Amino acid sequence: MPTALTALTIHELTERYRRGDVKPSDVADAYLSRIERLDGDVGAYLAVTHDRARAAARAADERYRAGRPLGPLDGAPVSIKDVFCTRGVPTTCGSKILEGFVPPYDATVVARLEAAGAVMLGKTNMDEFAMGSSTEHSAYKLTRNPWDLSRVPGGSSGGSAAAVAGELGLAALGTDTGGSIRQPGAFCGVVGLKPTYGRVSRYGVIAFASSLDHPGPLTRDVRDCALVLRAIAGVDPHDATSVDEPVPDYAALLDQGVRGLRLGVPREYFAEGLDPEIERAVRAAIERLRDLGATLEDVSLPTTDYGLAVYYIVAPAEASSNLARYDGVKYGLRAPGGKDLIDMESRTRAAGFGAEVKRRIMLGTYALSAGYYDAYYGRAQKVRTLVKRDFEAAFARVDLLLAPTTPSVAFKHGEKEDPLAMYLNDVYTVGGDLAGLPAISVRCGFSSNGLPIGLQIIGRPFDEARVLRTAYSYEQATDWLARRPELA
Amino acid sequence: MTIFQTVIGLEVHAQLLTRSKMFCGCATTFGAAPNTQTCPVCQGMPGVLPVVNRRAIEFAVRTALAFDCRINAACRFARKHYYYPDMPKNFQISQYEEPLAEEGHLDIELADGTPRTIGIQRLHLEEDVGKLVHEGTLETAQASLVDFNRAGMPLMETVSKPDIRSPEEASAYLRAFRAVLVYLGVCDGNMEEGSLRCDANVSIRPRGTAELGTKVEIKNLNSFRNVQRALEYEVKRQADALSRGERIVQETRLWDADRGHTRSMRSKEYAHDYRYFPEPDLTPLALDARWIDEIRASLPELPRARRRRFVSQYQLPAYDADQLTQSRALAEYFEAAVTAGASPKATANWTMSELLREIAADDEDAIRRSPVSPANLAGLLRLMDEGTISGKIAKDVFGKMVQTGDTAQAIVEREGLTQVADAGAIRAIVDDVIARNPKAVADFKNGNAKAAGALVGQVMKATQGKANPALANQLVQEKLTKM
Amino acid sequence: MITRQDVEHVARLARLHLSDDEKERMRVQLDAILAYIDKLTALDIEGVEPTSHAVPLLNVMRDDEPAPSMPQGDALANAPDRAGEFFRVPRIIED
Ligand SMILES: [Zn+2]
């Protein structure tokens, strides 16, 4: 019975809640016991919030009993990447430097999910400060890919993706700065959506790179993704960069099909370095969408090859600034034995940050330092303009772009020791972050060794509705979701 | 001996009178218990974001317009990085390459009336830092304590051009600057509480040379007097050094008011590298021209213009006009009394001598809440003018008005202070006084005119000051000449 | 080429204590990453405006309305060290 409950999607569950077949508490309990049983193997969670989950589920039970549910997320379990501040619940961002930090406030998106009746199960593992593509850079634990426990779940939202894939969670929140929702989404075979920059509030999201951080959902299917997005999207007075655009009822727009849509296939996304199995699967998916009535067009994004270089200046530069506050004065770790303030701060930061975070702080500090600003940060911001123009030119001709999400499927733990090799994982995703575009990854097949492959669909700014509807059409026309990872 | 020319530029930080902080909703009240006016945003907690306070922008625009600055078509906030424990994020949100306003000026007058125009290079907004309390002095403390209440308060930084040529000019500039801010209502100007803080860049060069000397930054100039003293000290220190053939080191020095000298702050191993970059959490500002026009239209008359007008419109001496425009509230008080019908010169005299005896000229609130309203002062002056009370009685009445807040009329009636202007009643007293003072009468007859004054004084005394002095004088003179 | 001195200078700016091994490793890795990043110099960026936000917005401001602050207990709750009503830090020696 518990297995059956955890196999259902949000929209399937809430349907049953309304009919009274099952109640939110049963589902919360099913997840909590499954986490108890299996998360030791997967390692998706840094903290499980049993009491908060049970209390929220009981409140949802009452609302359904009274016939007054809050909406389509009422009673739906959600898992929150540990990058989101949660009032009264320790929030570490995967870093030792925030050990013991208990935020006195909730991130806007967490507050919105809970106001919609969602039941928070816990905080999920991540690469420290969201810097990484494998979740191996968490200071706390390793997370394993439910499809193959010897492999990484991707990152940095690896805990969230693994939870959703392994049925240790139903829907999750992640953040995408260079691909950190879509890449683990692809590696774990779940739906991962990076919304338009400004579509979803960043307030309470522990900053990595402010101009690139995009909070968004990871879910089992596209309809759930539409439901969660609608709940978290919209302008926030606490985030000056959030945009005051109306939030459509995405789920209601899913059934419109793809007939007449012009889909662009950027040739630079099918270049050297792409795993042939992935290329075959993605090309097949593109053909499928044509069969469904879309037209295809070859497009070019000439600066694709420069995206990563831009990203590895802009993101570390902003990170070096955002992470300056972790100094052992106000919260989190303070290393003992500092003989004076500077010594204490330098030791705290040395002890609290992992190697990857230090590397990026150093890189970013260097790129902003006197004499180098124009050569690095200044230049990168200008090339960012060129990257954005490429997309604008493409979207003048097509409605959406189709591409692989990652150049390879999930790799083994410890396989990518060299930082640059790890960075290359983001080659197809960084463009969307630099240009702030909505982009989704959906399952479009499996490799010969049984690992999921992701199809990426990129849209115009604020055109999440079309991205979702195309992903939905594809999902409905295929049966990839029938396959589930076997745990234990 | 070389004659040196002094070159000074001032950087003034003014805390703006907004209700909430620059980037969060925390209140800006002064003097709250430590760490009770903070929130996740101004404590720099993980995940927080700043949002610009519109009124702070409005206040900066208002000030920039008052200084005739160019409001830049676009401005932007930037992060300025350095580590200090009173700064929660270890960067300060400030403005760098794109400040709110540039290229203005402030016209000042020196004590001898010489007019000077001091250029204003730039005006920008930033956030304040918290406060450090050292357990002992900074040098000996084993630990320091941090209070973040002040962190995130809106600060407006105004940098003058190096146009100031003497410590007195610097002091005059700061006074005029402060008066403008207080007039505009954007800052309370309280230097003791740190609402207005001043740093100076000072250099000297042989007179006649165009090249600037090595500049030294002086910090901690927190009163008008200290600005002048510190700069006088520093100019002399530099001149002495150069005269001895030494070189001036570019450095930051701290003014020690108790010891009356500046001393070098520990010199840096390497220059600060602030790593400015545009604040990614805030949008650029391109201020609406209509909004700027509205702010311009709402600007009050500034001290200098008002001073000139007081001289021309009310025929006041320059000294009076100067005194009365020390603060906006005082100038408004004066004009309200005149509007209520009082004569300008009498109003000026009474305001300067009587009102300012009770209330400090720059205590704007106290002036606005004065127990003697401008209309009531006008009422008092009218009673004097009409001869209902004498000037001497009027001063007593003013004292009572301060205590009670009543009108002069009410006090005069209640206490029976109305001047006796009935010739019959006064004549009887005059007769009596003359009868009792034969010696004074004899003196008068012997040509001592002053003796009449003594007799008038006796009449006034006998009526407890209520006799109309002019009438008493007239009756005494009549009586004496008839004798 | 990044030198050891560069690494030490940047580490000081970033308040990071690095061991000798870390400094050397950092030098080699930063050098490799910067060499990769140098590909940006191949592009002509003459006259190109920088992009600091993907979605350009202007003039987002809030009204000057005070909101409640945190109680002092909450404000100090996460402090690694405190003394009474204050955060406490080791003695300050300027660098
Ligand atoms: Zn605050």
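Residues numbered from 1 in each chain as written. Chains lettered and ligands numbered in written order. Predicted model: local features only at pLDDT ≥ 70, side-chain atom pairs only at ≥ 80, totals over all residues. Heavy atoms only, no water.

Asker: What should I look at first to understand the overall build of chain C in this one?
Answerer: Assigned secondary structure in chain C consists of three helices and three strands. Taking 2.2 N^0.38 as the reference for a compact globule, 95 residues should give roughly 12 Å; the C-alpha atoms of chain C span a radius of gyration of 22 Å, well beyond that estimate. Counting only C-alpha atoms, chain C reaches 55 × 45 × 20 Å along its principal axes. Out of the 95 residues in chain C, the part that is buried amounts to 43%. Within chain C, residue pairs in contact and separated by at least 24 positions form 27% of the contacts whose partners lie at least 6 positions apart. When the accessible area of chain C is evaluated, it comes to approximately 4,900 Å², of which 49% is carbon and sulfur surface. Across chain C, 11 positive and 19 negative side-chain charges occur, with their mean positions spaced 9 Å apart. (Helix = DSSP H or I, 4+ residues; strand = E, 2+ residues; numbered from the N terminus. Rg over C-alpha atoms; globule rule 2.2 N^0.38 Å. Buried < 20%, exposed > 50% of the residue type's maximum accessible area, 1.4 Å probe, protein only. Contact = heavy atoms within 4.5 Å. Areas by Shrake-Rupley, 256 points an atom, 1.4 Å probe, with all protein chains shown as cover. Lys, Arg positive; Asp, Glu negative; His and termini not counted. Charge placed at Lys NZ, Arg CZ, Asp CG, Glu CD.)

Asker: I keep staring at the coordination of the zinc ion and nothing clicks. Help me out?
Answerer: Residues and elements named next belong to chain B. Cys24 (SG), Cys26 (SG), Cys39 (SG) and Cys42 (SG) make up the full set of protein donors to the zinc ion, lying at 2.3 to 2.4 Å. Because the angles between the four donor atoms bound to the zinc ion fall within 102 to 117°, the donor set is best described as tetrahedral. Counting the intervening residues between successive donors of the zinc ion yields the motif C-x1-C-x12-C-x2-C. Each of the two residues, Cys24 as well as Cys26, counts as buried. (Donors = N, O, S within 2.8 Å, 3.2 Å for Na, K, Ca; no water. Tetrahedral: all angles 85-135°; square planar, octahedral: opposite > 155°, others 65-115°.)

Asker: Would you take a moment to explain the nonpolar core for this structure?
Answerer: Ranked by internal contacts, the top residues of the largest apolar core, which has 190 residues, are A:Phe129, A:Phe391, A:Ile440, A:Leu468 and C:Ile37. The element that contributes the greatest number of residues to this core is helix H10 (residues 304-322) of chain A, accounting for eleven residues. By size, the runner-up hydrophobic cluster in this structure holds 83 residues, among which are A:Ala240, B:Phe4, B:Met156 and B:Met191. (Core = buried A, V, L, I, M, F, W, Y, C linked by side-chain atoms within 4.5 Å.)

Asker: Please explain the domain arrangement of chain A as it appears in this structure.
Answerer: Accessible area lost during the coming together of the parts is what is often quoted as the interface size. All names here are of chain A. What the domain assignment lists for chain A is domain 1 (5-264 + 283-297 + 393-482) and domain 2 (304-385). Counting residues at the interface gives 28 residues for domain 1 and 26 residues for domain 2. A buried area of about 2,500 Å², summed over both sides, lies between domain 1 and domain 2, and 66% of it is on carbon and sulfur atoms. When the area that domain 1 buries against domain 2 is broken down by residue, the three leading residues are Ile97, Tyr423 and Leu434, summing to 30%. Run the count over domain 1 and domain 2 and you get zero salt bridges. The interface formed by domain 1 and domain 2 holds 13 residue pairs in polar contact (both at pLDDT 80 or more) in total. The set of elements that each furnish at least two residues to the side of domain 1 that touches domain 2 consists of helix H14 (419-423) and helix H15 (430-435). (Domains from an automatic or database assignment. Buried area = accessible area lost by both parts, 1.4 Å probe. Salt bridge = Lys/Arg side-chain N within 4 Å of Asp/Glu carboxyl O. Polar contact = N/O pair within 3.5 Å; in protein donor to acceptor, adjacent residues only side chain to side chain.)

Asker: Help me understand the pattern of salt bridges, please; the structure alone is not making it clear to me.
Answerer: A side chain with one charge can pair with a side chain of the opposite charge if their charged atoms come near. Evaluation of the coordinates by the stated rule reveals 82 salt bridges over all chains. We note a salt bridge from A:Arg19 to A:Asp21, for which the minimum N-O separation is 2.8 Å. Linking B:Glu217 and B:Lys219 is a salt bridge whose minimum nitrogen-to-oxygen distance equals 3.3 Å.

Asker: Just to check I follow, could you spell out the packing of helix H5 (residues 303-314) of chain B against helix H7 (residues 328-339) of chain B for this structure?
Answerer: Helix-helix packing: each pair is described by the crossing angle between the helix axes and the interaxial distance. Residue and element names in this part refer to chain B. Interaxial distance between H5 and H7 falls to 12 Å at its minimum, and their mutual angle equals 20°. Between H5 and H7, the angle falls in the class roughly parallel. The two elements H5 and H7 cross, and the hand of that crossing is left-handed. Residues Arg306, Arg309, Phe310 and Tyr314 of H5 form the contact with H7, whose own contacting residues are Arg328, Ala331, Glu332, Phe334, Glu335 and Val338. Residue classes in the contact of H5 with H7 are distributed as five nonpolar, no polar and five charged. (Axes fitted to C-alpha atoms, helices over the stretch in contact; angles between N-to-C directions. Parallel < 35°, antiparallel > 145°, perpendicular 65-115°, else oblique. Left-handed = near helix turned anticlockwise from the far one by under 90°. Nonpolar A, V, L, I, M, F, W, Y, C, P; charged D, E, K, R; others polar.)

Asker: Which parts of the structure should I look at to understand the environment of A:Arg347?
Answerer: Residue and element names in this part refer to chain A. Within the fold, Arg347 resides in helix H11 (residues 341-352). Accessibility expressed as a relative area gives 33% for Arg347, which makes it partly exposed. The spacing of Arg347 and Asp327 is 20 residues in sequence and 9.1 Å in space, taken between C-alpha atoms.

Asker: What is the right way to look at the interface of chain A and chain C in this model?
Answerer: Between chain A and chain C, the contact holds 62 residues from the first and 52 residues from the second. Each partner contributes to the roughly 5,200 Å² buried at the junction of chain A and chain C, and carbon and sulfur atoms together form 70% of this total. Inspection of the region where chain A meets chain C yields four salt bridges. Among the salt bridges present, the one from A:Lys358 reaches C:Glu22, with a minimum N-O distance of 3.0 Å. Scanning the region where chain A abuts chain C turns up 17 residue pairs in polar contact (both at pLDDT 80 or more). Breaking the side of chain A that touches chain C down by element, the ones donating at least two residues are H10, H11, helix H12 (355-368), helix H13 (374-395), H14 and H15 of chain A. With eleven residues, H13(A) is the largest single contributor of residues to the side of chain A that touches chain C. Classifying every residue of the side of chain A that touches chain C gives 34 nonpolar, 13 polar and 15 charged.

Asker: I would appreciate a short explanation of the pairing of strand E10 (residues 439-446) of chain A in the present structure.
Answerer: Look at any regular strand and the pattern is simple: side chains alternate between the two faces of the sheet. Residues and elements named next belong to chain A. Counting buried positions over the eight residues of E10 gives eight, a clear majority of the element. Where strand E5 (residues 191-194) and E10 come together, three bridges link them in antiparallel fashion. Counted as the bridge partner of Leu193 is Ile440 from E10. Sheet topology places E10 next to strand E11 (residues 452-459); six bridges connect them, and they run antiparallel. Paired with Val442 across the bridge in E11 is Leu455. The antiparallel pairing of E10 with E11 creates a hairpin that spans five residues between the two strands, and Gly450 there sits at a positive phi of about 80°. (Pairing = 2+ DSSP bridges.)

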